[in-house]
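Chain residues, written in single-letter form:
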Amino acid sequence: MFTQKTTIYVYQKNNKTVKLLGLSHLGTIEYYNKCQRELTGCLLTEGTGKECKMDMLTKSYNVFAESLGLITQKLNYNYNPSINADIPYQYFTDYITNTVEYFDKLSDQTLSDMSRFIKKNPKMIKFILYILSLNPFKSKDYFILVKMRNYQVMLTLLRVLKDFDYVTICFGDRHMKDLAKQLEKLGFNKIKSTHLYPFYE
């Protein structure tokens, strides 16, 4: 969801190149401008669909962004061929009900109180960002959120590589470590590794 730094890995195998572009849901405008410049080739993107019911999760992103002087994830995928490589939202309602119910129970008043607290304590911003970067999900939920979705990403990637020589996978940064392992199992070699910083350089 939120992270102190995000990863960029570039892998190659024969004439095929795969870039792993880890993303944060919050960041500075400068951070997203740098991410935008990393979009190369065919893009595999995340997103569970417009029918997603976790409205309070989206609201919480907006509250934290406004309170901290940041913006929510903003990239323009229209300049490249792009394919949604995520799982259907139904998987979330079926398998991570506790997490869905948690965000559904968040109230506008709670988010408003959080916003006021952050604004009144500007010296705590770095600490707040660190807390937000911690993994809030239980192990079962984390499996669904990362491992199952990565499986779908890899299935999509294998299909897309038949038509494209360069693919960029644009997913949350928590996906990158496992995706890197999956690429290495397929014989891809890492040729580049770097980081971007969503909040502070």
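Now for a description of the structure that goes with this document. (Residues numbered from 1 in each chain as written. Predicted model: local features only at pLDDT ≥ 70, side-chain atom pairs only at ≥ 80, totals over all residues. Heavy atoms only, no water.)

Observations concerning the overall build of the chain
Here comes step 1: Across its full length, the chain carries eight helices and eight strands.
Here comes step 2: Counting across all 201 residues of the chain, residues that qualify as buried make up 46%.
Here comes step 3: Excluding contacts between residues fewer than 6 apart, the proportion of contacts in the chain whose partners are at least 24 apart in sequence is 84%.
Here comes step 4: For the chain, the accessible surface area stands at approximately 11,100 Å², while carbon and sulfur atoms represent 53% of it. (Helix = DSSP H or I, 4+ residues; strand = E, 2+ residues; numbered from the N terminus. Buried < 20%, exposed > 50% of the residue type's maximum accessible area, 1.4 Å probe, protein only. Contact = heavy atoms within 4.5 Å. Areas by Shrake-Rupley, 256 points an atom, 1.4 Å probe, with all protein chains shown as cover.)

Some remarks on the sheet that holds strand 4 (residues 42–45)
Here comes step 1: Pairing in this open sheet of six strands is mixed, and the strands run 6-4-7-2-1-8 from one edge to the other. Two strands in the sheet have a free side with no partner beyond their single neighbour: strand 6 (82–84) and strand 8 (189–196). Strand-to-strand, the axes of this sheet are offset by a mean angle of 15°, without reference to chain direction.
Here comes step 2: As defined by bridge partners, strand 4 adjoins strand 6 across three bridges and the pair is classed as parallel. Across the sheet, residue Thr 45 finds its bridge partner in strand 6, namely Asn 84.
Here comes step 3: Sheet strands touched by helix 8 (residues 176–185): strand 1 (6–13), strand 2 (16–23), strand 7 (166–172) and strand 8. Its angle to strand 2, the strand with the most contacts, is close to 165°. (Pairing = 2+ DSSP bridges. Axes fitted to C-alpha atoms, helices over the stretch in contact; angles between N-to-C directions.)

Thoughts on the pairing of strand 1
Here comes step 1: Buried residues dominate strand 1, accounting for six of its eight residues.
Here comes step 2: Two elements, strand 1 and strand 8, share seven bridges in a ladder whose sense is antiparallel. Bridge assignment links Ile 8 to a residue of strand 8, and that residue is Thr 194.
Here comes step 3: Where strand 1 meets strand 2, six bridges bridge the pair, whose relative direction is antiparallel. Bridge pairing in strand 2 places Ile 8 opposite Leu 21.
Here comes step 4: Turn length for the strand 1-strand 2 hairpin, with the two strands adjacent in sequence and antiparallel, is two residues, and the turn residue Asn 14 shows positive phi of about 55°.

With respect to the nonpolar core
Here comes step 1: Counting residues in each nonpolar core, the largest one holds 20 residues, and the members touching the most others are Val 18, Leu 20, Leu 44, Leu 157, Ile 169 and Leu 183.
Here comes step 2: At the level of elements, strand 1, strand 2, strand 4, helix 7 (139–160), strand 7 and helix 8 are the ones that each hand at least two residues to this core.
Here comes step 3: In this view, Leu 20 contacts Thr 7, Ile 8, Tyr 9, Tyr 11, Ile 169, Met 176, Leu 179, Ala 180 and Leu 183; residues no more than four positions away in its chain are not counted.
Here comes step 4: In terms of nonpolar packing, the next biggest core, distinct from the first, is built from 12 residues, Cys 35, Leu 39, Leu 75 and Cys 170 among them. (Core = buried A, V, L, I, M, F, W, Y, C linked by side-chain atoms within 4.5 Å.)

Focus: the environment of Tyr 77
Here comes step 1: Along the chain, the position of Tyr 77 falls in the loop between strand 5 (71–72) and strand 6.
Here comes step 2: With 34 residues separating them along the chain, Tyr 77 and Leu 43 place their C-alpha atoms 7.6 Å apart.

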